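# Structural overview for review
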Amino acid sequence: MWGALRGARALPAPCRGMATPPAPQGARPLREAEEAAPVFQYAGKAAKRKDRVFVWGFCYSGALGIPSFVKPDAGWKKPRRIQATPYRLETEEKISSAACGYGFTLLSSRTTDITKVWGMGLNKDSQLGFQRSRRDRIFTMGNNSYGQCGRKVVEDETYSESHVIHQLKDFDSRVVQVVCGQDHSLFRTKKGTVYACGWGADGQTGLGHYNITSVPTKLRGDIAGVNIIQVSSYGDCCLAVSDEGDVFGWGNSEYLQLASVTETTQVNVPKHLPFKIGKIKEAACGGTGNVVLTEEGNVFVWGYGILGKGPNLMETAVPEMIPPSLFGWSDFNPDIRVAHVRCGLSHFAALTNRGELFVWGKNLRGCLGTGRMEDHYFPWRVTVPGEVVDVACGVDHMVSMVKSFT
């Protein structure tokens, strides 16, 4: 009897309701079922993507627009000298553009009938203001010691607490871009013409001389008759990009910015820079280094300083390409490419088509926003909670316009 029981097969355990237990499934059917299952995403009415502004860098000047960083709003808080990572700036209206100077920031919000300008930071020369203007009007304010505001230089004029706001006229068409350098100003019109005024000691006005010019004057040289679609300047070197993808330069060349066409260190007329790197889409000028972006999405740098290709490349007169892999491109992400490039005085920024921000260069007072204080010799991604739409670079701070993910 015991032998018969020992050789008998064990019966399956009874199931509730006398149901037959299901046969075990393989990994493949489970995976196929999971892939075929519907995906439900629940979002409330308030899930619309929001426009936000983030700031970082040096705080004491007030350029970040966060009052509690300069004057704490609680007794236990201390003034914050440096904000090393992006910090959200609360704004009442949608900010459409930003510009960063040395210790101050300008923001603008635009609607169909009015443009508001918001200023924050240092205002020693009355460079900040609030201005409501109608379309097609250009106003300047601040220090005019070299005619950079486009008006006559007044000897011994006091700029502190000045309420002088000057309207500029006599352009060939509507002004669509304004760029401020160290002590000069550039204006690009809808017709693709470039005007300049201000200090010309390094040739940065591009008017064929090295004198002060207090009235915006049309540039000629190699850009005469050329449709210019973008201009850039920050220190005293200038770049311009044409609709045909050519790049032109003038101004200071002490750091090899224009050494590809001349050995002169001050160039006072626009010169065509015959780079063989493809059509140029955008250009940006720093204090000692320049960067251009080609239509293929490649980034090229030249000049002097931390250029983005490591500590072994500190000086070059010929544009050097930064490997696309440093901006996230790979065989697994072949569609990633740089969409915009920007420059501060001694640092660079690049935006990809996926809204990611990369920075490199001198990390003066935490201006790179990576949370670290050392200089970055290669592009480093900034962690921003959203899709970065645009960015403005100052001397020691930055401002970014961001779309929230949800």
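Everything quoted here is computed from the prediction, not taken from an experiment.

Bringing the overall build of the protein into the picture now. A count of helices and strands for the protein gives three helices and 25 strands. Taking all 406 residues of the protein together, the buried fraction comes to 44%. Contacts in the protein between residues at least 24 apart in sequence constitute 48% of all its contacts with a sequence separation of at least 6. As displayed, the protein has an accessible area near 22400 Å², and 52% of this comes from carbon and sulfur atoms.

Below, the discussion takes up the sheet that holds strand S2 (residues 82–89). Read from one edge of the open sheet, four strands run S2-S1-S25-S24, paired in antiparallel fashion. Of all strands in the sheet, those with a lone pairing partner are S2 and strand S24 (387–393), marking the two edges. The average angle at which neighbouring strand axes cross in this sheet is 20 degrees, direction not considered. Relative to strand S25 (residues 397–403), S24 runs antiparallel, the two being bridged by six bridges. Residue pairing for S25: Glu387 is matched across the bridge by Lys403.

Applying the stated criterion to the full structure yields nine aromatic pairs. A ring pair is formed by Phe69 and Tyr87, whose centres lie 4.9 Å apart and whose planes are at 65 degrees; its orientation type is edge-to-face. Remark: Tyr87 occurs in strand S2 and Phe69 occurs in helix H3 (residues 67–70); sequence separation between them is 18 residues. Consider the rings of Phe171 and Phe187, whose centres lie 5.4 Å apart with planes at 45 degrees: the pair is tilted. On the criterion of sequence distance, the pair formed by Phe171 in the loop between strand S7 (166–168) and strand S8 (175–180) and Phe187 in strand S9 (residues 184–189) is long-range, its members being 16 residues apart. Taking the relative accessible area as the measure of exposure, Phe187 reaches 1% and is therefore buried. Here the guanidinium or amino end of Arg365 rests over the ring plane of Phe58, the centre of that ring lying 5.0 Å away.

This paragraph deals with the nonpolar core. Core analysis: the largest hydrophobic core is formed by 16 residues, its most contacted members being Val291, Val299, Phe327, Val338, Val341 and Trp360. Contributing elements (two or more residues each) for this core: strand S17 (289–294), strand S18 (299–304), strand S20 (338–343), strand S21 (347–352) and strand S22 (357–361). Among the elements that line this core, the one with the most residues is S20, at three residues. Excluding residues that lie within four positions of it along the chain, Val338 makes contacts with Leu293, Gly297, Val299, Phe327, Ala350, Leu351 and Thr352.

Once that is clear, we can look at unusual backbone geometry. If you check the backbone angles, Asp170 has positive phi at about 65 degrees while not being a glycine. Tracing the sequence through the fold places Asp170 in the loop between S7 and S8. Positioned with a positive phi, Arg365 is a non-glycine residue whose angle comes to about 55 degrees. Considering the arrangement of structural elements, one finds Arg365 in the loop between S22 and strand S23 (376–382). Residue classification places Arg365 among the partly exposed positions, given a relative accessible area of 26%.

In this section: the pattern of salt bridges. Per the stated rule, a full pass over the model turns up 11 salt bridges. Residue Asp73 pairs with Lys77 through a salt bridge whose shortest N-O separation is 3.0 Å. Asp396 is paired through a salt bridge with Arg365; the nearest N and O atoms lie 2.7 Å apart. Taken together, the positions of Asp396 in the loop between S24 and S25 and Arg365 in the loop between S22 and S23 put the pair 31 residues apart, joining distant regions of the chain. Residues participating in the shared-partner salt-bridge network are Glu282, Arg342 and Asp390.

Let's shift gears to the environment of Pro270. Looking at the secondary structure, you find Pro270 in strand S15 (residues 266–273). Taking the relative accessible area as the measure of exposure, Pro270 reaches 1% and is therefore buried. In sequence terms Pro270 and Phe248 are 22 residues apart; their C-alpha atoms lie 6.1 Å from each other. With residues up to four places along the chain from it excluded, the contact list for Pro270 reads Gly206, Leu219, Arg220, Gly221, Asp222, Ile223, Gly249 and Trp250.

Applying the stated criterion across every chain, the model contains zero disulfides. Cysteine Cys100 shares no disulfide, and the gap to the nearest cysteine sulfur, in Cys393, comes to 7.2 Å.

In the predicted model, the protein carries a mean pLDDT of 88, and 86% of its residues have values of at least 70. In this model residues 1–10 is a low-confidence stretch, pLDDT under 50, and it forms zero contacts with partners more than four residues away in sequence or in other chains. In the model, residues 130–134 has pLDDT below 50 throughout and makes 12 contacts with residues more than four positions away in sequence or in other chains.

Here we take up the sheet that holds strand S19 (residues 315–322). If you trace the four strands from one edge of the open sheet to the other, you get S16-S17-S18-S19, paired in antiparallel fashion. In this open sheet, the two strands that pair with only one neighbour each are strand S16 (280–285) and S19. On average, each strand axis in the sheet is tilted by 15 degrees relative to the strand beside it, whichever way the strands run.

Take the side chain of Ser109 next. Looking at where Ser109 falls in the secondary structure, it is placed in strand S4 (residues 104–110). At 3.4 Å, the side chain of Ser109 forms a polar contact with the side chain of Glu93. If we ignore the near neighbours within four places in the chain, the residues touching Ser109 are Glu93, Lys94, Ile95, Ser96, Ile114, Thr115, Lys116 and Trp118.

The residue Thr352 is located in strand S21 in this model. Exposure remark for Thr352: the relative accessible area of 4% places this residue in the buried category. Not counting residues up to four positions away in its chain, the partners in contact with Thr352 are Phe327, Ile336, Arg337, Val338, Ala339 and Phe358.

This brings us to the environment of Val338. Along the chain, Val338 turns up in strand S20. Note: C-alpha distance between Val338 and Leu357 (19 residues apart in sequence) is 9.4 Å.

Rules used throughout
Residues numbered from 1 in each chain as written. Predicted model: local features only at pLDDT ≥ 70, side-chain atom pairs only at ≥ 80, totals over all residues. Heavy atoms only, no water. Helix = DSSP H or I, 4+ residues; strand = E, 2+ residues; numbered from the N terminus. Buried < 20%, exposed > 50% of the residue type's maximum accessible area, 1.4 Å probe, protein only. Contact = heavy atoms within 4.5 Å. Areas by Shrake-Rupley, 256 points an atom, 1.4 Å probe, with all protein chains shown as cover. Pairing = 2+ DSSP bridges. Axes fitted to C-alpha atoms, helices over the stretch in contact; angles between N-to-C directions. Phe/Tyr/Trp six-rings, centres within 6.5 Å; stacked < 30°, edge-to-face > 60°. Lys NZ or Arg CZ within 6 Å of the ring centre and 35° of its normal. Core = buried A, V, L, I, M, F, W, Y, C linked by side-chain atoms within 4.5 Å. Salt bridge = Lys/Arg side-chain N within 4 Å of Asp/Glu carboxyl O. Disulfide = S-S within 2.5 Å. pLDDT = per-residue confidence, 0-100. Polar contact = N/O pair within 3.5 Å; in protein donor to acceptor, adjacent residues only side chain to side chain.

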